[in-house]
Amino acid sequence: VPLDGSHWLSMREVLDRLSQKGHEVVVIAPEINLHIKPTKNLIMKMYPVPFTQEELDHAFWRTSQEVFEEGTFLERFLKTYERMKNVSATLLSTCTYLLHNKELIRYLEESKF
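Residues numbered from 1 in each chain as written. Predicted model: local features only at pLDDT ≥ 70, side-chain atom pairs only at ≥ 80, totals over all residues. Heavy atoms only, no water.

The protein has the name UD11 glucuronosyltransferase in an unreviewed UniProt entry, where Ramphastos sulfuratus is given as its organism.

**Observations regarding the packing of aromatic side chains**
Throughout the structure, instances matching the rule amount to one aromatic pair. Looking at Lys45, its charged tip hangs above the ring of Tyr107, at a distance of 4.1 Å from the centre. (Phe/Tyr/Trp six-rings, centres within 6.5 Å; stacked < 30°, edge-to-face > 60°. Lys NZ or Arg CZ within 6 Å of the ring centre and 35° of its normal.)

**Considering the pattern of salt bridges**
All chains considered together, the criterion is met by five salt bridges. Glu66 is the salt-bridge partner of Arg62, the closest N and O atoms lying 3.6 Å from each other. In this pair, Arg62 and Glu66 both sit in helix α2 (residues 53-66), four residues apart, roughly one turn of the helix. Judged by its relative accessible area of 18%, Glu66 falls in the buried class. (Salt bridge = Lys/Arg side-chain N within 4 Å of Asp/Glu carboxyl O. Helix = DSSP H or I, 4+ residues; strand = E, 2+ residues; numbered from the N terminus. Buried < 20%, exposed > 50% of the residue type's maximum accessible area, 1.4 Å probe, protein only.)

**Structural notes on helix α3 (residues 73-99)**
Between its first and last C-alpha atoms α3 spans 39 Å; for 27 residues at 1.5 Å apiece the expected length is 39 Å, and the two agree. When we look at burial in α3, the residues that qualify are Arg83, Ser93, Thr94 and Leu98. Of the surrounding secondary structure, the elements contacted by the buried residues of α3 are β1 (26-30), β2 (43-47), α2 and α4 (102-110). (Expected span 1.5 Å × (residues − 1). Contact = heavy atoms within 4.5 Å.)

**Some thoughts on the confidence of the model for the protein**
In the predicted model, the protein carries a mean pLDDT of 89, and the fraction of residues at 70 or more is 97%. Mean pLDDT per element in the protein: α2 is the minimum at 86, and α4 is the maximum at 95. (pLDDT = per-residue confidence, 0-100.)

**Description of a nonpolar patch on the surface**
A contiguous nonpolar surface patch, about 580 Å² in accessible area, is contributed by Phe73, Leu74, Phe77, Leu78 and Tyr81. On the secondary structure map, Leu78 appears in helix α3. (Patch = residues over 30% accessible without salt bridge, like charges linked within 9 Å, V, L, I, M, F, W, Y side chains within 5 Å. Areas by Shrake-Rupley, 256 points an atom, 1.4 Å probe, with all protein chains shown as cover.)

**A look at the nonpolar core**
Core analysis: the largest hydrophobic core is formed by nine residues, namely Ile28, Ile32, Tyr47, Val49, Phe51, Leu56, Leu98, Leu104 and Leu108. What Phe51 contacts, discounting residues up to four positions off in sequence, is Ile32, Leu56, Thr90, Ser93 and Thr94. Leu15, Ile36, Leu42 and Met44 belong to the second largest nonpolar core, which has eight residues in total. (Core = buried A, V, L, I, M, F, W, Y, C linked by side-chain atoms within 4.5 Å.)

**Observations concerning the environment of Asp16**
Note that Asp16 resides in helix α1 (residues 6-20). A C-alpha to C-alpha distance of 24 Å links Asp16 and Ile105, two positions 89 residues apart in sequence. With sequence-adjacent residues up to four places away left out, Asp16 is seen in contact with Thr39, Asn41 and Leu42.

**Here's the deal with the pairing of β1**
Most of β1 is tucked away: five of the five residues are buried. Burial of the side chains of β1 extends over both faces: Val26, Ile28 and Pro30 are buried on one face and Val27 and Ala29 on the other. Looking at chain direction, β1 and β2 are connected through five bridges and run parallel. Bridging across to β2, Pro30 finds its partner in Tyr47. (Pairing = 2+ DSSP bridges.)

Given below as structure tokens:
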């Protein structure tokens, strides 16, 4: 169950090598993500989440824009705090949707994942 972004980019190469050595690699990921895309070497199990690709893309774009905004230390701190709260809520909802996906959980249990 990879975390999107740099974690996935680092892990993808390792998973490809494991697959090349004959291991069956199953990746569980939300349908809406930044970098986790199906490849021929991996078995992908995707699950729905309560946000769109546009919303996710906009959140990351907005984060990159806020880095360059001016303001007092307190203003910048509060914006960063609010952004981190929103990112945490998004990640929590992603986990919640995974754990409440009965079909996917049944697959994991049956395959002794």
